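Chain and residue survey
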Amino acid sequence: MTEVGVIHARFQVLHLKQMEYILAAKMRCKKLYIGVSHPDIVNFAASSNLDAHGVTKRDNPMTYIERYQMLLATLQEFRVKREEFEIIPFPISTPDLLEQYAPLEGVYYMSLMTTWDEERLRILQSLGLKTEVIWERDAREIGVTSSDIKEMIAAGNADWKSKVPKSVSEFVVSRGIEERIRELHYVS
């Protein structure tokens, strides 16, 4: 078991597959830093053509602080001890700034399923960071995605709640994020 691990994702809306990734990484380290990529889509907008979801408000309806609070509630739901994780901004689109936010001595855990995942791995390796691929899966094995969740919410399909941790569905509904997603998806 390593001392420090780091993962990252947009978490726009956190779903069960992402929780699987978080927990798999946590099992490998004593302290896990959970990076929220694109903490601000204006200042940290996508800089790669492969990063198709890091630009628009429609793809990024939640603020950084909302994602922070959602992650915190979900990790508590899954009984991860608070002293064993931190939630940090993770500007993957501006790699030169990563050292300002993330611990350089950590092992950067990745799940590879798309060409964007492979590019993010190359970015981390080009910075001299230690990386470890937790699993490599074919795109057909991805399962549910945050985009799927947002589409379900926008369409009024209540089944989205079965694809996310209970704390996430409660958070999204109680904070009006569900309605925000509907508005963003139906704006012409």
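Scroll up to find the structure.
Bear in mind the structure is a predicted one, so any value in this text is a computation, not a measurement.

**Considering the overall build of the protein**
Across its full length, the protein holds six helices and five strands. Reading the helices (α) and strands (β) of the protein from amino to carboxyl end gives β-α-β-α-β-β-α-β-α-α-α. Scaling as 2.2 N^0.38, a compact globule of 188 residues should have a C-alpha radius of gyration of about 16 Å, and the protein matches this with 16 Å. Structurally, the protein occupies a C-alpha span of about 45 × 35 × 30 Å along its principal axes. A sequence separation of at least 24 residues applies to 73% of the contacts in the protein between residues at least 6 apart. Carbon and sulfur atoms form 51% of the exposed surface of the protein, whose accessible area is close to 9200 Å². Positive and negative charge centroids in the protein, built from 24 and 27 side chains respectively, lie 4 Å apart.

**Some words on the side chain of S37**
Assignment of secondary structure puts S37 in strand β2 (residues 29-37). Owing to a relative accessible area of 5%, S37 belongs among the buried residues under this scheme. Separated by 3.2 Å, the side chain of S37 and the backbone nitrogen of R10 make a polar contact. Once you skip the residues sitting within four places of it in the chain, S37 turns out to touch H8, A9, R10, R67, F90 and I92.

**Digging into helix α2 (residues 64-77)**
It helps to recall that an α-helix has 3.6 residues per turn; residues three or four apart then point in one direction. Taking 1.5 Å per residue as the helical rise, α2 with its 14 residues ought to reach 20 Å, and the 20 Å between its terminal C-alpha atoms agrees with that figure. If you check which residues of α2 are buried, you get Y64, E66, R67, M70, L71, T74 and L75. Along the axis of α2, the buried residues cluster in a sector spanning 160 degrees; they form a single face. Each element contacted by the buried residues of α2 is listed here: α1 (16-26), β2, β3 (85-90), α5 (166-174) and α6 (177-186).

What counts, and at which threshold
- Residues numbered from 1 in each chain as written.
- Predicted model: local features only at pLDDT ≥ 70, side-chain atom pairs only at ≥ 80, totals over all residues.
- Heavy atoms only, no water.
- Helix = DSSP H or I, 4+ residues; strand = E, 2+ residues; numbered from the N terminus.
- Rg over C-alpha atoms; globule rule 2.2 N^0.38 Å.
- Contact = heavy atoms within 4.5 Å.
- Areas by Shrake-Rupley, 256 points an atom, 1.4 Å probe, with all protein chains shown as cover.
- Lys, Arg positive; Asp, Glu negative; His and termini not counted.
- Charge placed at Lys NZ, Arg CZ, Asp CG, Glu CD.
- Buried < 20%, exposed > 50% of the residue type's maximum accessible area, 1.4 Å probe, protein only.
- Polar contact = N/O pair within 3.5 Å; in protein donor to acceptor, adjacent residues only side chain to side chain.
- Expected span 1.5 Å × (residues − 1).
- Arc of directions from axis to C-beta.

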